[in-house]
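Residues per chain, in single letters:
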Amino acid sequence: GVRLFQEMENGDTPRAATPYATFNVYRNFKGAASVGIDGQSMQTQTNKTSGEIGVGITGRPSKQGMLYAGLKYRHQLGGLQFEGAAGEIGYRYSW
C-alpha cells in the first residue's frame, strides 16, 4: 500500500496536524474458506483481491498526546461484490 501525508505546523508551537490518504491492495493467497454445518460444506465465493482507500488526520494537542480520526472503504476487485467501510477516532497518550 501507499500512504500520502502532509505535515502542517501550527505557528511556533509543537502542535502539528497531519492529514493523510491511504491506498492498499490486499491479496488472499490461501484457498477458498469453507465451513461445515450438519454434514454440509459451504465455501466462500469471494474474489481473493480487494482494494482499499482511506483518509484521516492526526494532530498533536500536546507533546504527549495525539488525536486521530480516519475513514476507510474496501471493495472487492472482480468477481462477486463485497464491500465494507470502517471508521476510527481516538486519543493516544505517551509518557
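For every chain, the first residue of the written sequence is number 1, and numbering continues from 1 along that sequence. Owing to the predicted nature of the model, reporting of local features is limited to residues with pLDDT of at least 70; listing and counting of side-chain atom pairs is limited to 80 or more, with chain, interface and lining totals taken over all residues. Think of the side-chain values as coming from all heavy atoms in the structure, minus any hydrogens and water.

## What about unusual backbone geometry?
Phi angles above zero are rare outside glycine, and D38 is one such case at about 50 degrees. Here a helix means four or more residues in a row that DSSP labels H or I, a strand means two or more in a row labelled E, and each is numbered from the N terminus. Along the chain, D38 falls in the loop between β4 (34-37) and β5 (40-43).

## Regarding the confidence of the model for the protein chain
Detailed reading of predicted coordinates is not advised where the pLDDT is low. Residue-level confidence of the predictor, termed pLDDT, takes values from 0 up to 100. Taken over all residues, the pLDDT of the protein chain has a mean of 82, while the share at 70 or more is 79%. At the low end of the mean pLDDT range in the protein chain sits strand β2 (residues 8-10), at 63; at the high end sits strand β8 (residues 83-93), at 94.

## Digging into a nonpolar patch on the surface
A patch consists of residues whose relative accessible area exceeds 30% and which take part in no salt bridge; residues with like charges are grouped when within 9 Å of each other, and nonpolar side chains (Val, Leu, Ile, Met, Phe, Trp, Tyr) when within 5 Å. Only the protein chains shown count as cover for residues, and all accessible areas are computed by the Shrake-Rupley method using a 1.4 Å probe. For salt bridges, the criterion is a side-chain nitrogen of Lys or Arg within 4 Å of an Asp or Glu carboxyl oxygen. Residues V2, L4, F23, I53 and Y73 make up a contiguous nonpolar surface patch of about 460 Å² in total accessible area. Tracing the backbone shows L4 in strand β1 (residues 2-5).

## Let's talk about the packing of aromatic side chains
When the centres of two rings from Phe, Tyr and Trp lie within 6.5 Å, Trp using its six-membered ring, the rings pair. Their planes under 30 degrees apart give stacked, over 60 give edge-to-face, and anything left gives tilted. Scanning the model with the defined rule gives one aromatic pair in all. Ring geometry for Y93 and W95: centres 6.3 Å apart, planes at 25 degrees, overall stacked. Comment: the charge-over-ring label is applied if NZ (Lys) or CZ (Arg) is within 6 Å of the ring centre and within 35 degrees of the ring normal. Looking at R74, its charged tip hangs above the ring of Y26, at a distance of 4.0 Å from the centre.

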